[in-house]
Every structure is written in C-alpha cells, then in structure tokens.
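A look at the structure
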Amino acid sequence: MNIFTQKIFKEFEVDLYRCLNISFDDYLRMFEDHGNDKMSEFQKILEKEGVSSLRSNMHRSINALSCIYQERELGRALSEEEIFENAKKLGLDI
C-alpha cells in the first residue's frame, strides 16, 4: 500500500473512531463476521473508480452504521431526511 493510499485509510480510521468509537480493525471484523471482505471491496473501488468514490463509499458506510445504531435505539427506521442530517451532523460528505 503506497503512502497516498495509507493516508486515505488513516482518515477513514479517524472518522470511524470520531463517529462510531470503533477502530478500523473492529470495522473490518464486523463485516468479516458476515462474510464480507471490506478491504478487497475498498481496493476494487480505488482501482476502478478512484479516490473520490472510495472516500464517498467510506463516508456512506460510516453513516449507514451510525443510522443502524440510532434506529435500534429509537425502535424505528430513520427517514431519508434524518439519514442525510445524520451525515451532516457527523461531518461526512455523502
């Protein structure tokens, strides 16, 4: 992994901790437990679609997990507006 790619993943790790209080390893393990290899997915996005798409995908993933946690606490699904507002509140560009 080159220095530029490492920087993108470090930014993602900082966002994961800031928004969800989880490490990058926790995040990967969460998906591996369900048979998904997020590292491979991220690498494919980076290779095929570039940095912007990778960052966007990472931000959407953080927002989705945050919304899932909120929905569990509230006992209901969030509206599209609430999902968008959550991303704004977290400082995620989606």
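Rules behind the numbers
Residues numbered from 1 in each chain as written. Predicted model: local features only at pLDDT ≥ 70, side-chain atom pairs only at ≥ 80, totals over all residues. Heavy atoms only, no water. Core = buried A, V, L, I, M, F, W, Y, C linked by side-chain atoms within 4.5 Å. Buried < 20%, exposed > 50% of the residue type's maximum accessible area, 1.4 Å probe, protein only. Helix = DSSP H or I, 4+ residues; strand = E, 2+ residues; numbered from the N terminus. Contact = heavy atoms within 4.5 Å. Axes fitted to C-alpha atoms, helices over the stretch in contact; angles between N-to-C directions. Left-handed = near helix turned anticlockwise from the far one by under 90°. Nonpolar A, V, L, I, M, F, W, Y, C, P; charged D, E, K, R; others polar.

1. Concerning the nonpolar core
- Among the nonpolar cores identified, the biggest contains 21 residues, and Phe-12, Leu-16, Phe-24, Tyr-27 and Phe-42 are the most heavily contacted of them.
- Of all elements in the fold, only helix 1 (3-20), helix 2 (24-32), helix 3 (38-49), helix 4 (51-74) and helix 5 (80-90) reach the threshold of two or more residues within this core.
- When residues in this core are grouped by element, the largest group, six residues, is from helix 1.

2. Thoughts on the side chain of Ser-66
- Position of Ser-66 among the secondary structure elements: in helix 4.
- A residue is classified by how much of its surface remains accessible, and Ser-66, at 6% relative accessible area, is buried.
- Dropping the residues within four chain positions of it, Ser-66 is found in contact with Leu-20, Asn-86 and Leu-90.

3. Observations concerning the side chain of Thr-5
- The topology assignment puts Thr-5 in helix 1.
- For Thr-5, a relative accessible area of 7% translates into the label buried.
- Discounting residues that sit within four places of it in the chain, Thr-5 has contacts with Gln-43 and Leu-46.

4. Things to note about the packing of helix 4 against helix 5
- Close contact between helix 4 and helix 5 brings their axes to 10 Å; oriented N to C, the two are set at 115°. Between helix 4 and helix 5 lies a crossing of right-handed hand. Every residue of helix 5 that contacts helix 4 at Asn-63, Ser-66, Cys-67 and Gln-70 is listed here: Ile-83, Asn-86, Ala-87, Lys-89 and Leu-90.
- Classifying every residue of the contact of helix 4 with helix 5 by side-chain character gives four nonpolar, four polar and one charged.

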